[in-house]
Amino acid sequence: MNTTPIVITMGDPSGVGAEVTVKAMAALPEQQRARYAVIGDLPTLARAVDVCGLTLALSPFDQPTAMGALRVLHVDVPDLPGQFGVLSPACGEASFRYIETAVKLAMSGQAQGIVTAPINKEALNLAGHHYDGHTGMLAHLTNAGSSWMLLASPTLNVLHVSTHVSLKDAIGRATPERVRDTIRMGHRHLQRMGLENPRIAVAGINPHCGENGLFGREDDAQIAPGVAAARAEGINVAGPISADTVFHRANTGGFDLVIAQYHDQGHIPIKLIAFDTAVNVSLGLPLDRCSVDHGTAFDIAGSGRANHVNMLAALDYAGKLAVSGR
């Protein structure tokens, strides 16, 4: 068995990342727990263990680890607030450093992949790190030319042409080339995950795909040419298909993947049907990264009430990526 760990970044120290991480680790069998290591703040993780009423042992990353203990690579960041639920530039800085450390480990072969707990974008920007979220930050840190956000669930997979931009900008970004490249990326990923001939549907950007120009020409001018280009490469892709039906068709078995044109178009159906089980996966990077699909939840952080089911789903998906090869 490959002993190189999958690393988990703790996320914002004031959020629920530490809680969902230690809860998920405590829920795993001891032998399976040894597959992972956490990059974060050791005192914060210890507080999370206490507030959740767990008996999970924490062990420094570079020291011999007792059976069942969770390995922690402590990254020292000054001025952390020492409590949950606080918006802090120091926590934004910590979030960045945890991810930066994880990228270095993964790029050097010392980690099989990365699972990320949630960060707070406001705290990140207060610390001077101006990214739209994990995906953009990881693309920058790995010098990737482009990246994509996949939301994967047991019955519905959605890959986005664009994510954290305004709706107006998203329409402009849905070029034929970007649509084609998004289809290609989804096709390759699903093949990697074991589907020989993935069935891909592309959502239209306007109501009813523009209804032959009645509601806009973007689907004809931007989406359809991208779909045609991907189909000419032998990819099994259909579209554009009206967004008000395509997600239902995919969720009931008609397609293996839907290409969504913008953030909310793809996120709303996924979060409606798989709020606790959908996993955020970054495609187009030279490393594997997946994440929980929820935020820092400052309002409940430190209460021990955070649900760790989504973290377990992310860990499971990371494990599948690790054994599938790149």
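Quick caveat, the model's predicted, so the values are computed rather than measured.

A word on the overall build of the chain
Then step 1. Regarding its fold elements, the chain presents 12 helices and 12 strands.
Then step 2. Radius of gyration (C-alpha) of the chain: 20 Å, near the 20 Å computed for a compact globule of 326 residues.
Then step 3. Considering only C-alpha atoms, the chain reaches an extent of 60 × 40 × 35 Å along its principal axes.
Then step 4. Per-residue burial for the chain yields a buried fraction of 52% across its 326 residues.
Then step 5. A sequence separation of at least 24 residues applies to 74% of the contacts in the chain between residues at least 6 apart.
Then step 6. Split by element, the accessible area of the chain, about 13,600 Å² in all, is 52% carbon and sulfur.
Then step 7. Looking at the chain, you have 24 positive and 29 negative side-chain charges, and the mean spots of the two groups are 5 Å apart.

Quick look at the pairing of strand S4 (residues 70–74)
Along a regular strand, successive side chains alternate from one face of the sheet to the other.
Then step 1. Relative to S4, strand S2 (residues 36–40) runs parallel, the two sharing 4 bridges. Following the sheet pairing, Ala37 is matched in S4 by Arg71.
Then step 2. Pairing analysis gives 3 bridges linking strand S3 (residues 58–60) to S4, with the strands arranged parallel. Residue pairing for S4: Pro60 is matched across the bridge by Val72.

Focus: helix H12 (residues 309–324)
Then step 1. Compared with an ideal rise of 1.5 Å per residue, which puts 16 residues at 22 Å, H12 spans 23 Å between its outermost C-alpha atoms and is within 8% of the ideal.
Then step 2. Of the positions making up H12, those classed as buried are Asn310, Met311, Ala313, Ala314, Leu315, Tyr317, Ala318, Gly319 and Leu321.
Then step 3. Backbone geometry just after H12 places Gly325 at a positive phi near 75°.

Comments concerning the nonpolar core
Then step 1. Val115, Ile183, Met311 and Leu315 are the most contacted members of the largest nonpolar core, which has 78 residues in total.
Then step 2. Here this core takes 8 residues from helix H4 (residues 89–107), the largest share from any one element.
Then step 3. When sequence neighbours within four positions are dropped, the list of residues in contact with Met311 reads Ile8, Val20, Thr21, Ala24, Val115, Ala117 and Val292.

Here we look at the pairing of strand S10 (residues 257–260)
Then step 1. Side chains Leu257 and Ile259 of S10 all project onto a buried face; the interleaved residues Val258 and Ala260 project onto the opposite face, where all are buried too.
Then step 2. In terms of strand pairing, strand S7 (residues 157–160) meets S10 through 3 bridges, oriented parallel. Paired with Leu159 across the two strands is Ile259, which belongs to S10.
Then step 3. In this structure, strand S8 (residues 200–203) lies alongside S10, joined through 3 bridges in parallel fashion. In the strand pairing of S10, Val202 is matched with Ile259.

With respect to the environment of Val158
Then step 1. On the secondary structure map, Val158 appears in strand S7.
Then step 2. Among the residues examined, Val158 registers a relative accessible area of 0% and is labelled buried.
Then step 3. Along the backbone, Val158 and Gly266 are 108 residues apart, and their C-alpha atoms lie at a distance of 6.1 Å.
Then step 4. In this view, Val158 contacts Met149, Leu150, Leu151, Phe247, Leu257, Val258, Ala260, Gly266 and Ile270; residues no more than four positions away in its chain are not counted.

Notes on helix H1 (residues 17–27)
Then step 1. With 9 of 11 residues buried, H1 lies mostly within the body of the structure.
Then step 2. All of the buried residues in H1 are Gly17, Ala18, Glu19, Val20, Thr21, Val22, Lys23, Ala24 and Met25.
Then step 3. As for H1, its buried residues are in contact with strand S1 (6–9), helix H2 (30–33), S2, helix H3 (42–51), S4 and H12.

Some remarks on the pattern of salt bridges
Where charged atoms of side chains with opposite charge meet at close range, the side chains can pair.
Then step 1. Per the stated rule, a full pass over the model turns up 8 salt bridges.
Then step 2. We note a salt bridge from Arg184 to Glu233, for which the minimum N-O separation is 2.5 Å. One end of the pair, Arg184, is in helix H8 (residues 176–192); the other, Glu233, is in the loop between helix H9 (218–232) and strand S9 (237–241), with 49 residues separating them in the sequence.
Then step 3. By relative accessible area, Arg184 is classed as partly exposed at 23%.
Then step 4. Two residues, Asp220 and Arg217, come together in a salt bridge whose shortest N-O distance is 3.6 Å.

Thoughts on the sheet that holds S10
Then step 1. Pairing is mixed across the open sheet formed by 12 strands, whose spatial order is S3-S4-S2-S1-S5-S12-S11-S6-S7-S10-S8-S9. Bordering the open sheet on either side are S3 and S9, each of which pairs with just one other strand. Between one strand and the next, the sheet's axes are offset by a mean angle of 25°, whatever the strand orientation.
Then step 2. As judged from the 4 bridges shared by strand S11 (residues 279–283) and strand S12 (residues 289–292), these two strands associate in the antiparallel manner. Residue pairing for S12: Ser282 is matched across the bridge by Arg289.
Then step 3. In the packing of helix H6 (residues 134–141) onto the sheet, the strands contacted are strand S5 (113–116), strand S6 (148–152), S11 and S12, and the crossing angle to S12 comes to about 160°.

Focus: the packing of aromatic side chains
What describes a pair of aromatic rings is the distance from one ring centre to the other and the angle between the planes of the rings.
Then step 1. For the coordinates displayed, the defined rule picks out 1 aromatic pair.
Then step 2. Both rings, one in Phe96 and one in Tyr131, keep their centres 6.4 Å apart while their planes meet at 10°; by these two values the pair is stacked. Residue Phe96 is found in helix H4, and its partner Tyr131 is found in the loop between helix H5 (121–126) and H6; the two are separated by 35 residues along the sequence.
Then step 3. Among the residues examined, Phe96 registers a relative accessible area of 9% and is labelled buried.
Then step 4. Stacked on the ring of Phe84, the Lys or Arg Arg47 has its end atom at 5.4 Å from the ring centre.

Rules used in this analysis
Residues numbered from 1 in each chain as written. Predicted model: local features only at pLDDT ≥ 70, side-chain atom pairs only at ≥ 80, totals over all residues. Heavy atoms only, no water. Helix = DSSP H or I, 4+ residues; strand = E, 2+ residues; numbered from the N terminus. Rg over C-alpha atoms; globule rule 2.2 N^0.38 Å. Buried < 20%, exposed > 50% of the residue type's maximum accessible area, 1.4 Å probe, protein only. Contact = heavy atoms within 4.5 Å. Areas by Shrake-Rupley, 256 points an atom, 1.4 Å probe, with all protein chains shown as cover. Lys, Arg positive; Asp, Glu negative; His and termini not counted. Charge placed at Lys NZ, Arg CZ, Asp CG, Glu CD. Pairing = 2+ DSSP bridges. Expected span 1.5 Å × (residues − 1). Core = buried A, V, L, I, M, F, W, Y, C linked by side-chain atoms within 4.5 Å. Salt bridge = Lys/Arg side-chain N within 4 Å of Asp/Glu carboxyl O. Axes fitted to C-alpha atoms, helices over the stretch in contact; angles between N-to-C directions. Phe/Tyr/Trp six-rings, centres within 6.5 Å; stacked < 30°, edge-to-face > 60°. Lys NZ or Arg CZ within 6 Å of the ring centre and 35° of its normal.

Function-wise, these values are silent; they only describe arrangement.
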